[in-house]
Amino acid sequence: MTDPHSPPRRKPKPSVEKLAGRKLKPATLMMGHGYDPQLSEGALKPPIFLTSTFAFESAAAGKRHFEGITGKRSGGPEGLVYSRFNGPNQEILEDRLSVWDEAEDALCFASGMTAICVLMLAFCSAGDVIVHSGPLYAASEGFVAKTLSRFGVTYLDFAAGADRPEIEAVLEQAKAQAAKAGGKVAMVYLESPANPTNALVDVEAVRDARDAVLTPDCPIAIDNTFLGPLWQQPLRHGADITVYSLTKYVGGHSDLVAGSLAGAKRWMDPVRMLRNTMGGIADPNTAWMLLRSLETVELRMQRAGENAAKVCEFLAEHPKVEGLGYLGMISDPRQQDIYRRHCSGAGSTFSLFVKGGEAESFRFLDALRIVKLAVSLGGTESLASHPAGMTHLSVPQERRAKLGITDNLVRVSIGIEDADDLIADFDQALKRV
Ligand SMILES: Cc1ncc(COP(=O)(O)O)c(C=O)c1O
């Protein structure tokens, strides 16, 4: 029996992460990790905590929390304080997200772009240089080139497939550029596979180049939206921070927008401080939906991956198809080598080059009946879009040409429908090109 005089327990029961010497797999941990039903009237699933603020046990406890939040004391707040900083649904989500990347800590955000912008703002000061791989998702490139530049932050980029000497040369140039402006190389920011070309970045080579040219204080962040969390674990290959648009595979049902970061506390702490100030944390309802999504993320991604392999096998032989940018069919030996070292699956998002140009691509897109014409990816349903005319329209024409974002490139994201139904849809739409 509980002692009626003892204070109610506020600290959750420790999660079971190991059993009989076995480290439990993420798929198992997604069902309960970080949640103690006894703290919520025994509810098996976490309720949605719709509250803007949290009652302190005492004035002294409130002061201690704020000492943690403001950085006067290390270790952060010891409990929940205010919903711009955190909440139960978001904390459980962050605990479960860090499981997938084997990260010490994770942070969730209202969108992938919020995660990216707050991350960059947390590490960059005037005079600093960001080095990034190219291409990036257009809004990420735009934030660096058009917004950060207004605050005295410049950038240099290297092509996604660059090798170590090429990356080192760009880092040396960035170091000189930063020294001239009185700043530092603040961050190496990668996206792999790149949106929309699917070009892979050699994360191990980037790590080696960073270690040779810069100091370990310059973090390597990588947008892992296309293959994560299942098919690529960049922290194992030398990245410091993983970045996600949770809107995509993790959310997985095209019904929410959210983002996240994961990495060591030393990298997450400055970002958390800025998020505390700016806001931008995912709301409790979205965090709850993501907890539900995480229970099936492995199943969904596996099925989508199997479907994509079958669809691409069909498309590769089709006379109206000029080529495919699919990670399961890489012909370039350098890209193949990166794939072999970094990826455990080819994903379900790929580029389809239709024979012809914009007119042929549009006819194909307009003829699809099952596959929906929409931007985004990683949902249960298959989607197709035209990057040159949609997501990457803001990218200048010469840069689009240099990056291979051509007018006949259609980006496809395969979902979890029946693969033969999808093949029938692609077949009938290609006949109408
Ligand atoms: C690779 C990649 N990163 C980041 C984002 C931005 O995420 P969000 O739309 O959740 O802000 C996207 C969106 O399409 C993306 O494809």
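So, here's what we can say about the structure. Small disclaimer: the values here were computed from a predicted structure and weren't measured.

Definitions and cut-offs
In this numbering scheme, every chain counts its residues from 1 along its sequence in written order. The model is predicted, so local features are restricted to residues of pLDDT at least 70 and side-chain atom pairs to those at 80 or more, both for listing and for counting; the totals for chains, interfaces and linings are taken over all residues. Note: side-chain values were computed over all heavy atoms of the structure, leaving out hydrogens and water. Any two strands with at least two DSSP-identified bridges between them are counted as paired. Each helix corresponds to a stretch of at least 4 residues labelled H or I by DSSP, and each strand to a stretch of at least 2 residues labelled E; elements are numbered beginning at the N terminus. A cavity here means a set of 1 Å grid points, computed over protein atoms only, where a 1.4 Å probe fits but cannot escape. A pocket is an open set with protein on both sides within 12 Å along at least 5 of 7 lines, and lining residues have an atom within 4 Å of a point. Grid points are joined across faces, edges and corners, and a volume is the space filled by probe spheres set on the points. Each residue is tested against the molecule or strand, and it is near if at least one of its non-hydrogen atoms lies within 4 Å. Here a polar contact is taken to be a pair of N or O atoms separated by no more than 3.5 Å, where protein atoms must pair a possible hydrogen donor with a possible acceptor and residues adjacent in sequence count only if both atoms sit in side chains. Each residue receives one of three labels: charged for Asp, Glu, Lys and Arg, nonpolar for Ala, Val, Leu, Ile, Met, Phe, Trp, Tyr, Cys and Pro, and polar for the others, Gly being one of them. Contacts are assigned to residue pairs with any non-hydrogen atoms lying within 4.5 Å of each other. Two cysteine sulfur atoms make up a disulfide if the distance between them is within 2.5 Å. Remark: exposure states derive from per-residue accessible area (1.4 Å probe, protein chains only) relative to the maximum for the residue type, with buried under 20%, exposed over 50%, and partly exposed in between.

With that out of the way, let us pick up the sheet that holds strand β10 (residues 321-325). Spatially, β10-β11-β14-β13-β12 is the arrangement adopted by the five strands of the open sheet, whose pairing is mixed. Across the chains shown, the open sheet's two edge strands, defined by having one partner strand only, are β10 and β12 (372-373). Across five bridges, the pairing between strand β11 (residues 349-354) and strand β14 (residues 409-413) is antiparallel. In the strand pairing of β14, Phe353 is matched with Leu409.

On inspection of all chains with the given rule, the structure shows three cavities of 30 Å³ or more. Estimates place the volume of the largest cavity at around 60 Å³. Around the largest cavity, the lining residues are Leu97, Trp100, Asp101, Ala106, Pro229, Tyr244, Leu246, Val250, Ser260, Leu261 and Ala262. Listing elements by their share of the lining of the largest cavity, those giving two or more residues are α3 (88-101) and β9 (259-263).

Moving on, we get to the site of the ligand. Near the ligand there are 14 residues, and of these Met113, Asp223, Ser245, Thr247 and Lys248 occur at the shortest range. Between an oxygen atom of the ligand and a main-chain N or O atom of Gly112, the distance comes to 2.9 Å. Here an oxygen atom of the ligand sits 2.8 Å away from a polar atom, N or O, in the side chain of Ser245. Considering every element that reaches the shell around the ligand, the biggest residue donor is helix α4 (residues 112-123), with three residues. Tallied by class, the residues present in the shell around the ligand amount to five nonpolar, six polar and three charged.

Relative to the elements of secondary structure, Lys265 occurs in helix α8 (residues 265-278). Residues Lys265 and Phe353, spaced 88 residues apart in sequence, show a C-alpha to C-alpha distance of 42 Å. Those residues in contact with Lys265 that sit more than four places away from it in its chain are Glu104, Asp105 and Pro270.

Attention shifts here to the environment of Pro229. Examined against the element boundaries, Pro229 turns out to sit in the loop between β7 (220-223) and β8 (241-245). The spacing of Pro229 and Val271 is 42 residues in sequence and 21 Å in space, taken between C-alpha atoms.

Further remarks concern the state of the cysteines. Evaluation of the coordinates by the stated rule reveals zero disulfides. Left unpaired, Cys108 is separated from the closest cysteine sulfur, that of Cys117, by 16 Å. Cys124 takes part in no disulfide bond, and the closest cysteine sulfur to it belongs to Cys218, at a distance of 9.3 Å. A relative accessible area of 13% places Cys124 in the buried class.

Let's shift gears to the environment of Asn276. When you line up the elements, Asn276 lands in helix α8. With relative accessibility at 8%, the residue Asn276 sits in the buried group. Remark: the alpha-carbon pair of Asn276 and Asp157, spanning 119 residues in sequence, is separated by 30 Å. Residues in contact with Asn276, not counting those within four places in the same chain, are Ile69, Arg84 and Phe85.

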